[in-house]
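# Fold and contact review
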Amino acid sequence: MTMIVNESNCRISAATRRNWRKLQVGVEDKLKSRANKTASQKKFIPIERCSDSKTEDFIESLIDRITERNWDIASVLFTLILNMFHNLGFEKKESYRNFLSVYGHLTIIRDLLQMHVPDQEYDILGTIYQSYITEGEKNIRGAYYTPQGIVKDMVKDFDMSGNKSFFDPCCGSGAFLLSLQNATPSAIYGVDTDPIAVMLAKANLMIRYKAYDFIPNIYEADFLQDSDIFQKNLLDTFGKFDFIASNPPWGASASIVSNIIISKETASYFFVKACSFLKKGGKIHFLMPVSILNVRIHKDIRQYLLTKGRLEQIVIYDQLFSGVTTSYASILFSNNAPSEAMIYVCRDRSKTVDVKDFYQTESYNFTVWNSIDAEIIRKIKSNGNLTLSSSQWALGIVTGDNKRKLHQEKTTEELEPIYTGKEIQAYRLRPAKYYISFDRNQLQQVAKDELYRAPEKLVYKFIGRKLTFAYDNTGALFLNSANILIPSIKRMSIKTVLAFLNSSVFQYLYIQLFNEVKILKNNLMEMPFPEITLVQDTMLSNYVDQILAGESDKKEVVDKWMQDFYGLTEDEFNHIKSIINGKIA
């Protein structure tokens, strides 16, 4: 893959850039090593949008000709549109003349006027455009067009009869607009920032509704920023909409200010603003990154969904589409009073979910449990009212240059062991594989010395679904794949806290409450610890001493103690084990 790197247009924070300079690290090399996707010049055909290999061959050949002859992509697509309009006999239509008046400044490429364009595809124009745009451009603009199957699934229940209205606030080439059934074209609206995409969406609608002579209601504008166009052309002219659906750009945006969305997630901004265009009783269906459902920073949009209308349905999709490595889900929401239940669909299995379950965590995580899980979680949480909120926390060391700063052998006296997350196992540390010279001024990120050198501390893996905590009383150093915890819980020694965190009960609870691939401080601070007696604390602490001394069988003794303490049945505890071991989806 060829990469063009420009410090000014790649997405790294100012703090990161400052640290690289402080450590005299080349910014260009760092950006390349991070494989910054925004700089990628790679192009690819989104094959899920092609019905057969002949279409793929057609697009590949066309892209090659565009590249060889240095044709302007807007002019190429404009010419192909005229080609398709001519084959449909559009020349006498008023809408055709209007289209020419808007886009007539573009060059007509004579070689393409007679070209056969595959007419079996639902959006061949959009697929050609997607195949031409580089991966870097798509990533910066969030311009990944949605496969037809997902679009149809999202709008299949929209009853457009009776001149019902529809709006897509980031319509691209018009995938959602084209998939509506029983719609009147004059009641379909779309907006996009990309002028080429707007041209394609207009042309696609004219072809889709070829029996009508109409000017499509598609506008070039920034839905989040441009208010005038909506007041003039949408709200004042048409009013609010019966249905809204879209696949908005995903990722953080620093340019929007909102009292509702503080995460800066672009998709959430789009959703909230789009809801203001929804009629009473209207429905909105958005495709969103799956992180919206349970990552803490997205608490804002989850709270909005639970309180500002009716959360109707969540669908988790398994398949990915070209260029998108993020899992995603669709969220169906209506402008009605909140309901006690909603539909949850995962792997083609549907179930009704009690919405109050989403209030189990402070972040309103959208985690779905069956009746067994709900009862187990009730038992655990009802016995826990203490937290790690008063504890001390620290991040591991960021060297800024591991290749230079880390050594595999202790060659000088000043070098000391430093551990990574890989050396952390439940309760005990494996031998360190690296050594480091601890000079705070030569390291990118360092916590306070007293936290690293504490007489006793717990360390845990940062990456992983399972809790893995180890005990350290040597004042050892750790890299940033490990974090540090010095717990403070009423009547609990540090070793008893360790027993709870490594227990099957807490493993299970963390998975069920948060379902993340990172072990986050804020999530750990929500874990409910029980009040125990001094006798119980001493007993658990002794078990941990025995485990640290090599008696691994005592881990099962700790688990049995936890089972009895929480009043869990044998079936419930077996279920916990199955969840931890990934035997239950």
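Residue indices begin from 1 for each chain and proceed along its sequence in written order. Selection of residues for local features in this predicted model requires a pLDDT of at least 70, selection of side-chain atom pairs for listing and counting requires 80 or more, and totals for whole chains, interfaces and linings are taken over all residues. Side-chain numbers come from the whole structure's heavy atoms, not from hydrogens or water.

A few words on the packing of aromatic side chains. Aromatic pairs are defined between Phe, Tyr and Trp rings, using the six-membered ring for Trp, whenever the two ring centres lie within 6.5 Å; interplanar angles under 30 degrees are classed as stacked, those over 60 as edge-to-face, and all others as tilted. Taken as a whole, this structure holds 33 aromatic pairs when the rule is applied. On the basis of an interplanar angle of 35° and a centroid distance of 5.9 Å, the ring pair of Phe167 and Phe277 is categorised as tilted. Of the two residues, Phe167 sits in strand 1 (residues 166-168) while Phe277 sits in the loop between helix 13 (266-275) and strand 5 (278-289), which places them 110 residues apart along the sequence. Like Phe167, the residue Phe277 is buried in the burial classification. Between the aromatic rings of Phe223 and Phe270, the centroid separation amounts to 5.8 Å while the plane-to-plane angle is 15°, which identifies the pairing as stacked. Taken together, the positions of Phe223 in the loop between strand 3 (217-220) and helix 12 (228-235) and Phe270 in helix 13 put the pair 47 residues apart, joining distant regions of the chain. Following the ring pairs from residue to residue traces out a cluster consisting of Phe78, Phe85, Phe90, Tyr96, Phe99 and Tyr103. Its guanidinium or amino end placed over the ring of Tyr209, Arg208 lies 4.8 Å from that ring's centre, counting from NZ or CZ. Positioned above the aromatic ring of Phe223 is the side chain of Lys273, whose terminal nitrogen or guanidinium carbon lies 5.2 Å from the ring centre. Starting at the N terminus, helices and strands are each numbered in turn, a helix being any DSSP run of H or I of at least four residues and a strand any DSSP run of E of at least two. For every residue, the accessible area obtained with a 1.4 Å probe (protein chains only) is divided by the maximum for its type, and the residue is called buried under 20%, exposed over 50%, and partly exposed between those limits. Throughout this description, the term charge over a ring refers to an Arg CZ or Lys NZ atom that lies within 6 Å of the ring centre and within 35 degrees of the ring normal.

The next thing to look at is the pairing of strand 11 (residues 415-419). In terms of residue burial, strand 11 counts as a mostly covered element, since four of its five residues are buried. As paired elements, strand 11 and strand 12 (residues 434-437) share four bridges and run antiparallel to each other. Looking at strand 12, one finds that Leu415 is bridged to Ser437. When DSSP finds at least two bridges between two strands, those strands are taken to pair. Where strand 11 and strand 15 (residues 477-478) come together, two bridges link them in parallel fashion. Counted as the bridge partner of Tyr419 is Phe478 from strand 15.

The next subject is empty space enclosed by the protein. Put plainly, a pocket is an open set of points on a 1 Å grid over the protein atoms alone with protein on both sides within 12 Å along at least five of seven lines, a cavity is a set where a 1.4 Å probe fits but cannot get out, and a lining residue has an atom within 4 Å of a point. Grid points are joined across faces, edges and corners, and a volume is the space filled by probe spheres set on the points. This model, assessed by the stated rule, comprises one cavity of 30 Å³ or more. Taken as a whole, the largest cavity holds about 40 Å³ of empty space. In terms of lining residues, the largest cavity is bounded by Leu305, Leu306, Gly309, Leu311, Pro338, Ser339 and Val355. Throughout, the ten residues Ala, Val, Leu, Ile, Met, Phe, Trp, Tyr, Cys and Pro are labelled nonpolar, Asp, Glu, Lys and Arg are labelled charged, and all others, Gly among them, are labelled polar. Its residues placed into classes, the lining of the largest cavity shows five nonpolar, two polar and no charged.

Attention shifts here to unusual backbone geometry. Its identity is not glycine, yet Lys264 carries a phi of approximately 70°, on the positive side. Looking at the secondary structure, you find Lys264 in the loop between strand 4 (241-246) and helix 13. When its relative accessible area of 37% is taken as the criterion, Lys264 is described as partly exposed. In this structure, Tyr364 takes a positive phi of about 55° despite not being glycine. Of note, Tyr364 is situated in the loop between strand 9 (349-354) and helix 15 (371-382). Using a relative accessible area of 17% as the deciding quantity, one classes Tyr364 as buried.

Now for the layout of surface pockets. Which parts of space are left empty comes out when a probe the size of a water molecule is rolled across the atoms. In this structure, the largest pocket occupies an estimated 1,400 Å³ of space. Taken together, 43 residues make up the lining of the largest pocket; nearest its centre are Asn294, Tyr344, Thr367, Arg465 and Asn515. Secondary-structure elements contributing two or more residues to the lining of the largest pocket are strand 6 (310-317), strand 8 (341-346), strand 9, strand 10 (392-395), strand 16 (482-486), helix 19 (504-514) and helix 23 (570-580). Here the residues of the lining of the largest pocket sort into 23 nonpolar, 11 polar and nine charged.

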